[in-house]
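Residue-level structural notes
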Amino acid sequence: MDGVLARLRAKLAGAAARPGGPGHLNAALPEADVAAFEAEHGVRLPAAYRAFVTGFGDGGAGPDLGVLPLRRAWAEVVADLDGHLAKPSPFVPGRRYDDEWCEEFLEREGDDAEYYRGALAVNHGGGGIYTLLVVTGPARGRLVRVDAAEHSAPRVLEDADFLAWYERWLDELLAGYDLRYFALKLPGGEAEFLAAAGDPDAAVRRQAVLSFSAPPELSASARRAVAEAVGDADAAVRRTALYTARYQRIGEAEAAARDALADADPGVREAALGALAALAVPDAAALARAALRDTSRDVVARAVWTLQDLADYTADDAAPLLSSDDPKIRITGAWSLHKARGAGVADLIAAAFADPVPEVRSGAVHSAERLRLPELRPAIAALLATETDVLVRNSLLRWQEKDPG
């Protein structure tokens, strides 16, 4: 372990010397303190993590919001629950979990605490997201990514142990990777991603394609792999490939993205429009206008955002949205009116004040508040006299306070 720790020190020092370095590392814990912790909880910490805590640092610089100190790692997710570390963790290496597994487990066990038994929360990713280190059970020594707020599908990370995970973070930091993808991507670089992109398991292919979002630059082979993945048989892989093409500006994916505008999956259509807009294709505005007629609110919203980014969103574009049979599309139209150009915007806002859906009226009030059009004052006063929804009334009162006329 000493050689590994020495290598980690050198890499952390190199990262710390760069602008916006990874922060400080806490002092290591004495062996006696760690032994006392183990005796208190009836466990033996995995060797790699134990070496880190006693020979490198008790938390500090690390992925996301950093590595949590040992004592906090024990209590972060399951506070003051005696004996939870000694109970075997339910997670198993090599298994892919889904949201249904989480629901079934919690229903069966009847206690959130059992979900996190046998593990330390060594890393906080923000919100309810944590990286757990399994201390007891079949996945001992492995790391698991969980969302304590949503109980969405956990993922047993591919890293062999805590030190491998920490060194991978340092390597990606030094290589200029986008670390927002650190917990989501596969370990390794392009060679590993390219191999996984052809895996028979769609979940592996999706993760491989997402991993291409992390490197600062992609080779021609990697760019082709992403473009080919836009035509994958699995919709989730197609969506992810289009997202990566958008983020990495992969022009090789343009033709496939155009085809994807007619995909049966609305998420793929939305992602395709986003990718083409990011690629700045010359007909982006025309493609977005065509997408305004889509039956999916997400696709319509993407089309609206695209036209707004191009400074080409007009009242004529918004009008059909406000007459849609789908209230969700009408809501999108109402909230977008303050960015619409051309004559007729005030008339559209006034008409939206009469919509039976409160969220549409609220969006119209928001747009009126942003635009401050004097001709809307009579309509605002009339709506205030009849409005029964509390949130809409509050928005109207706020508008009147800012623009009493």
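To be clear, the structure that these remarks concern was listed above.
Okay, so let's go over this structure. (Residues numbered from 1 in each chain as written. Predicted model: local features only at pLDDT ≥ 70, side-chain atom pairs only at ≥ 80, totals over all residues. Heavy atoms only, no water.)

In this structure, Asp 64 takes a positive phi of about 55 degrees despite not being glycine. With respect to the element layout, Asp 64 can be found in the loop between helix 3 (47–55) and helix 4 (70–75). Residue classification places Asp 64 among the partly exposed positions, given a relative accessible area of 39%. (Helix = DSSP H or I, 4+ residues; strand = E, 2+ residues; numbered from the N terminus. Buried < 20%, exposed > 50% of the residue type's maximum accessible area, 1.4 Å probe, protein only.)

Another point: the packing of helix 15 (residues 297–309) against helix 17 (residues 327–336). Relative to each other, helix 15 and helix 17 sit at 15 degrees, their axes nearing to 9 Å. By the angle between their axes, helix 15 is roughly parallel relative to helix 17. When you trace helix 15 past helix 17, the crossing you get is right-handed. Taken together, the residues of helix 17 that come into contact with helix 15 (itself represented by Arg 297, Val 300, Ala 301, Val 304 and Gln 308) are Lys 328, Ile 329, Ile 331, Thr 332 and Ser 336. For the contact of helix 15 with helix 17, a count of residues per class yields five nonpolar, three polar and two charged. (Axes fitted to C-alpha atoms, helices over the stretch in contact; angles between N-to-C directions. Parallel < 35°, antiparallel > 145°, perpendicular 65-115°, else oblique. Left-handed = near helix turned anticlockwise from the far one by under 90°. Contact = heavy atoms within 4.5 Å. Nonpolar A, V, L, I, M, F, W, Y, C, P; charged D, E, K, R; others polar.)

Here we come to the nonpolar core. It is characteristic of soluble globular proteins that their nonpolar side chains tend to be buried jointly. Counting residues in each nonpolar core, the largest one holds 70 residues, and the members touching the most others are Leu 242, Ile 349 and Phe 353. Among the elements that take part in this core, helix 13 (residues 266–278) stands out by supplying six residues, more than any other. Once you skip the residues sitting within four places of it in the chain, Phe 353 turns out to touch Arg 361, Ala 364, Val 365, Ala 368, Ala 379, Ile 380 and Leu 383. (Core = buried A, V, L, I, M, F, W, Y, C linked by side-chain atoms within 4.5 Å.)

Mapped onto the elements, Asp 263 comes out in the loop between helix 12 (254–260) and helix 13. Asp 263 sits in the buried class, given a relative accessible area of 15%. Engagement of the side chain of Asp 263 in a polar contact is seen with the side chain of Arg 238, the distance being 2.9 Å. (Polar contact = N/O pair within 3.5 Å; in protein donor to acceptor, adjacent residues only side chain to side chain.)

As a general feature of sheets, a regular strand has side chains that alternate between the two faces. Taking burial as the measure, the eight residues of strand 1 (residues 119–126) include six buried ones, the bulk of the element. Relative to strand 2 (residues 129–134), strand 1 runs antiparallel, the two sharing six bridges. Note on strand 2: the bridge partner recorded for Ala 119 is Val 134. Hairpin connection, strand 1 to strand 2: the antiparallel pair is bridged by two residues, and Gly 127 has positive phi, about 60 degrees. (Pairing = 2+ DSSP bridges.)

Turning to the side chain of Asp 317, a few remarks are in order. Note on placement: Asp 317 falls in helix 16 (residues 315–322). Here the side chain of Asp 317 touches Thr 314 through a polar contact of 3.0 Å, landing on its backbone nitrogen.

Once that is clear, we can look at the environment of Glu 172. With respect to the helices, strands and loops of the structure, Glu 172 is situated in helix 7 (residues 162–174). For the pair Glu 172 and Arg 142, spaced 30 residues apart in the sequence, the C-alpha separation amounts to 20 Å. Excluding residues that lie within four positions of it along the chain, Glu 172 makes contacts with Tyr 177, Leu 179, Phe 182 and Lys 185.

Moving on, we get to helix 11 (residues 235–248). Given a rise of 1.5 Å per residue, 14 residues ought to cover 20 Å, and the 20 Å separating the end C-alpha atoms of helix 11 matches this to within 8%. Here helix 11 lies mainly inside the structure; 10 of its 14 residues are buried. Of the residues one or two after helix 11, Arg 249 is the one with positive phi, at around 55 degrees. (Expected span 1.5 Å × (residues − 1).)

With that settled, consider helix 19 (residues 358–371). Here helix 19 spans 20 Å end to end across 14 residues, near enough to the 20 Å set by a 1.5 Å rise per residue. Buried within helix 19 we find Val 360, Arg 361, Ser 362, Gly 363, Ala 364, Val 365, Ser 367, Ala 368 and Glu 369. Immediately beyond the C-terminal end of helix 19, within one or two residues, lies Arg 372, with a positive phi of roughly 55 degrees.

One way to put it is that helix 16 packs onto helix 18 (residues 345–352) with a least axis distance of 10 Å and a crossing angle of 15 degrees. The angle between helix 16 and helix 18 places the two elements in the roughly parallel class. Relative to helix 18, the crossing made by helix 16 is left-handed. Side by side, helix 16 and helix 18 meet where Ala 315, Ala 318, Ala 319 and Leu 322 of the first sit next to Val 345, Leu 348 and Ala 352 of the second. In terms of residue class, the contact of helix 16 with helix 18 is built from seven nonpolar, no polar and no charged.

Further remarks concern the pattern of salt bridges. For the structure on display, the rule yields 27 salt bridges. The salt bridge partner of Arg 145 is Asp 64, with a shortest N-O separation of 2.9 Å. Of this pair, Arg 145 sits in strand 3 (residues 143–147) while Asp 64 sits in the loop between helix 3 and helix 4, and the two are 81 residues apart along the sequence. Its relative accessible area of 14% is what places Arg 145 among the buried residues. Arg 96 is the partner of Asp 201 in a salt bridge, and the nearest nitrogen-oxygen pair spans 3.8 Å. With Asp 201 in the loop between helix 8 (190–196) and helix 9 (202–211) and Arg 96 in the loop between helix 4 and helix 5 (99–109), this residue pair connects regions lying 105 residues apart in the sequence. Put simply, Arg 7, Lys 11, Glu 167 and Asp 171 are held in one network by salt bridges that share partners. (Salt bridge = Lys/Arg side-chain N within 4 Å of Asp/Glu carboxyl O.)

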